[in-house]
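# Structural features, examined
As a plain string of letters, each chain reads:
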Amino acid sequence: MALAAGLLALLGSCSHRSVAEFAQQVAEVPGKTAIRIEVENGTIGVAASSDRSIHIGGGVRRAADSAEMLARLEAVPLTFRTVEDPKRPELLVLRSPALPEGASGILGLELGVHLPADLPLEIVITGSGHVTLGDRKAPSQVRTGRGDLRFENCAGGVVAKTGSGNVIAFGHRGDVDLQTNLGDMQVFVREPGSKVRLITGQGTVQCYLPTAAQFEVDARVEKGKIGNSFGLTAERVQEFGAVLVGTVGSGATKVILRSGSGHIALSAKDEP
């Protein structure tokens, strides 16, 4: 997986660079029923593990403007630290290697994480980084400052936000709440839960529901068009906007779609 484009540009601007690989295993901790992974900059891919342990592996890219500063970055231990959250004692917090205090440069990670699919998960990337989650069965929360988000065959509910990046999900079961300030969305929901919420500040939203889905939709775009294949009628709003409000069947699923500038499509599709 590649790092976010902005991070790569910063890496390229530095005259001294190095890379390294590492691997770490964290045993299941009694009393900890959820996990949060905290990273400054980096790409993360998450898949289901074959045991109850948490396996973290991948590489680090380091860049600095001087050999001395690069040496400081290379001295940073390549291990995730276990941190307590006093407000949530049930949470196992794993914090990534980070820039030393007062240091300048880039310390970017490319991670593959394997953990139990039924373990509630939070991922927080304060800077830039893409996130991919696969085959999740428990609730998942993701937040990244900038980067693409991808969800493959996830269940248990997903809440995610990126400051800038495209979002795609397929084979999804359960609730889904996705947001990007700038980017396109394409979401295939195999089994809807009680809520589908897709919001972009600028970009196209494509939402696919099963042909037999029963839902109540509220879709709005400030500048763009709205189309659907469920026989509902969209209305123009002022000169450039549009709104689609209606109910199909029992309206069991609340569907909320938003785009500040872009098009919205609500389509019927049965995934195999």
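Residues numbered from 1 in each chain as written. Predicted model: local features only at pLDDT ≥ 70, side-chain atom pairs only at ≥ 80, totals over all residues. Heavy atoms only, no water.

### Observations concerning the confidence of the model for the protein
Test applied: Every residue carries a pLDDT, the predictor's confidence in it, which falls somewhere between 0 and 100. By definition in these notes, contact holds between two residues if any of their heavy atoms fall within 4.5 Å.
In the predicted model, the protein carries a mean pLDDT of 93, and the fraction of residues at 70 or more is 95%. Considering only residues more than four positions removed or in separate chains, one finds that residues 1–12, a stretch of pLDDT under 50, has 34 contacts.

### Observations regarding the nonpolar core
Which entries qualify depends on this criterion: By nonpolar core is meant a set of buried Ala, Val, Leu, Ile, Met, Phe, Trp, Tyr and Cys residues that side-chain atoms within 4.5 Å join together. Any residue under 20% of the maximum accessible area for its type is buried, any over 50% is exposed, and the rest in between are partly exposed; the area is computed with a 1.4 Å probe on protein chains only.
Grouped together as the largest cluster of nonpolar side chains are 59 residues, with contacts concentrated most on Ile54, Phe151, Leu178, Leu209 and Phe215. Residue contacts for Phe215: discarding those within four places in its chain leaves Leu209, Phe230, Leu232, Gly246, Thr247, Val248, Gly251, Ala252, Thr253, Val255 and Leu266. Among the nonpolar cores identified, the runner-up in size contains five residues, and Ala64, Met69, Leu70 and Leu73 belong to it.

### Regarding the environment of Ser194
Selection rule: Numbering of helices and strands runs from the N terminus; a helix is a DSSP stretch of H or I covering at least four residues, while a strand is a stretch of E covering at least two.
Tracing the sequence through the fold places Ser194 in strand 14 (residues 185–200). Given the relative accessible area of 42%, Ser194 is considered partly exposed. Separated by 72 residues in sequence, Ser194 and Glu122 have C-alpha atoms that sit 21 Å apart. Residue contacts for Ser194: discarding those within four places in its chain leaves Asp175, Ala252, Thr253 and Lys254.

### Re the pairing of strand 20 (residues 253–261)
We apply this condition: Two strands qualify as a pair provided that DSSP identifies no fewer than 2 bridges between them.
Here six bridges tie strand 14 to strand 20, and the two strands are oriented parallel to one another. From the neighbouring strand, Leu198 faces strand 20, where its bridge partner is Leu257.

### Re the side chain of Asp85
To keep things clear, this is the line we draw: Between N or O atoms, a polar contact is any pair within 3.5 Å; within protein, one atom must be a potential hydrogen donor and the other a potential acceptor, and residues adjacent in sequence are included only when both atoms are from side chains.
Checked against the element boundaries, Asp85 lands in the loop between strand 5 (81–83) and strand 6 (91–95). In terms of polar contacts, Asp85 uses its side chain to reach the side chain of Arg36, at 3.3 Å. Among the polar contacts made by the side chain of Asp85, one reaches the main-chain amide nitrogen of Lys87 at a distance of 3.0 Å. Contact partners of Asp85, with chain neighbours within four places excluded, come to Arg36, Leu91 and Val93.

### Some details on the packing of aromatic side chains
The cut-off we apply is this: Each aromatic pair joins two rings of Phe, Tyr and Trp (for Trp, the six-membered one) with centres within 6.5 Å, and gets the label stacked for planes under 30 degrees apart, edge-to-face for over 60, and tilted for any other angle. Look at NZ for Lys and CZ for Arg. If either is within 6 Å of the ring centre and within 35 degrees of the ring normal, a charge sits over the ring.
A full pass over the atoms with the stated rule returns two aromatic pairs. Note on Phe188 and Tyr208: the rings are 4.3 Å apart at their centroids and 5° apart in plane angle, and the pair reads as stacked. In this pair, Phe188 sits in strand 14 while Tyr208 sits in strand 15 (residues 205–209), placing the two residues 20 residues apart along the sequence. Among the residues examined, Phe188 registers a relative accessible area of 14% and is labelled buried. Geometrically, the ring pair formed by Phe215 and Phe230 is edge-to-face, given 4.9 Å between the ring centres and 80° between the ring planes. Of this pair, Phe215 sits in strand 16 (residues 215–223) while Phe230 sits in the loop between strand 17 (226–228) and strand 18 (235–237), and the two are 15 residues apart along the sequence. It is Lys223 that lies over the ring of Phe240; its NZ or CZ is 5.8 Å from the centre.

### Here's the deal with the pattern of salt bridges
Heads up, the condition is: Throughout this description, the term salt bridge denotes a Lys or Arg side-chain nitrogen within 4 Å of a carboxyl oxygen of Asp or Glu.
Considering all chains together, one arrives at 17 salt bridges under this definition. Between Arg150 and Glu152 there is a salt bridge whose closest N-O contact spans 2.7 Å. Since its relative accessible area comes to 32%, Arg150 is described here as partly exposed. Across the pair Asp177 and Lys195 runs a salt bridge whose closest N-O atoms are separated by 3.5 Å. Pair noted here: Asp177 is in strand 13 (residues 167–180) and Lys195 is in strand 14, with a separation of 18 residues, a long-range link.

### Structural notes on the state of the cysteines
Applicable threshold: Here, a disulfide means two cysteine sulfur atoms that sit within 2.5 Å of each other.
Applying the stated rule across the entire model yields zero disulfides. With no disulfide partner, Cys154 has as its closest neighbouring cysteine sulfur the one in Cys207, 16 Å distant.

### Focus: the environment of Lys161
Summarising the element assignment, Lys161 is placed in strand 12 (residues 158–162). Judged by its relative accessible area of 37%, Lys161 is partly exposed. Measuring from C-alpha to C-alpha, the distance between Lys161 and Val237 comes to 27 Å, with 76 residues separating the pair along the chain. Beyond its immediate chain neighbours, meaning those up to four positions away, Lys161 contacts Val142, Arg143, Thr144, Leu149, Gln179 and Asn181.

### Some words on unusual backbone geometry
Within the chain, Asn153 stands out as a residue other than glycine whose phi angle is a positive 55°. Relative to the elements of secondary structure, Asn153 occurs in the loop between strand 11 (149–152) and strand 12. Positive phi values are uncommon outside glycine, yet Gln238 reaches one of about 55°. Within the element layout of this structure, Gln238 appears in the loop between strand 18 and strand 19 (241–248). The exposure class assigned to Gln238 is exposed, which follows from its relative accessible area of 79%.

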